[in-house]
Amino acid sequence: VRIDVPAARLGALAGADTQRLACVADGSYVGGSGLGVWRYDPATQRLDTWSVDHSDPSRRLLSRSVALLAAGADGSLWVGTRGGGMHRIDAATGAV
């Protein structure tokens, strides 16, 4: 799968190599890298990001290094990190 997103839209995640990739039930793609997590919806071209230094505190992770991505039955996203534990990202609000 190739997903072309302008680097300027990736913010703090620009330049990071995606190490984990998942396609979730709503058709969006979720990627994890050594800098955080991104979610891209090709239908709307919306891009959301989460990282340790995100400007929005509700989108901050406790570790940069993503080891696992999994979609919950309720649409939430579970992110396992190295050194920062598990994070649950709410499907409706995007809050961690």
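Scroll up a little and you will see the structure.
The following refers to the structure shown.

Cut-offs used in this document
Residues numbered from 1 in each chain as written. Predicted model: local features only at pLDDT ≥ 70, side-chain atom pairs only at ≥ 80, totals over all residues. Heavy atoms only, no water. Helix = DSSP H or I, 4+ residues; strand = E, 2+ residues; numbered from the N terminus. Buried < 20%, exposed > 50% of the residue type's maximum accessible area, 1.4 Å probe, protein only. Contact = heavy atoms within 4.5 Å. Areas by Shrake-Rupley, 256 points an atom, 1.4 Å probe, with all protein chains shown as cover. Pairing = 2+ DSSP bridges. Axes fitted to C-alpha atoms, helices over the stretch in contact; angles between N-to-C directions.

## Brief notes about the overall build of the protein
- Counting its regular elements, the protein contains one helix and seven strands.
- Counting from the amino terminus, helix and strand elements in the protein follow one another as α-β-β-β-β-β-β-β.
- Among the 96 residues that make up the protein, the fraction classed as buried is 36%.
- Here the contacts in the protein between residues at least 6 apart in sequence split such that 32% fall between residues at least 24 apart.
- Of the accessible surface of the protein, which amounts to about 5300 Å², a share of 51% is contributed by carbon and sulfur atoms.

## Considerations on the sheet that holds strand β1 (residues 18-23)
- Spatially, the four strands line up as an open sheet ordered β1-β2-β3-β4, and their pairing is antiparallel. Of all the strands in the sheet, just β1 and β4 (46-50) have a single pairing partner and so form its edges. In this sheet, neighbouring strand axes are inclined to one another by 15° on average, regardless of whether the strands run parallel or antiparallel.
- Where strand β3 (residues 37-41) meets β4, five bridges bridge the pair, whose relative direction is antiparallel. Bridging across to β4, Y40 finds its partner in L47.

## Observations concerning the pairing of strand β7 (residues 85-89)
- Relative to β7, strand β6 (residues 77-81) is paired through five bridges, and the arrangement is antiparallel. Of the residues in β7, the one forming a bridge with W78 is R88.

## Some thoughts on the environment of V24
- One can find V24 in the loop between β1 and β2 (29-33).
- Along the backbone, V24 and S76 are 52 residues apart, and their C-alpha atoms lie at a distance of 9.8 Å.
- Once residues lying within four places of it in the same chain are set aside, the contact partners of V24 are V30, R39 and A71.

## Re the pairing of strand β5 (residues 66-71)
- Sheet topology note: the β5/β6 ladder contains five bridges and is antiparallel. Paired with L68 across the strands is G80, a residue of β6.
- What sits between the antiparallel neighbours β5 and β6 is a turn of five residues, in which G75 has the positive phi angle 95°.

## Quick look at the side chain of H87
- By the element assignment, H87 lies in strand β7.
- Owing to a relative accessible area of 4%, H87 belongs among the buried residues under this scheme.
- Not counting residues up to four positions away in its chain, the partners in contact with H87 are L61, L62, L77, W78, V79, T81 and V96.

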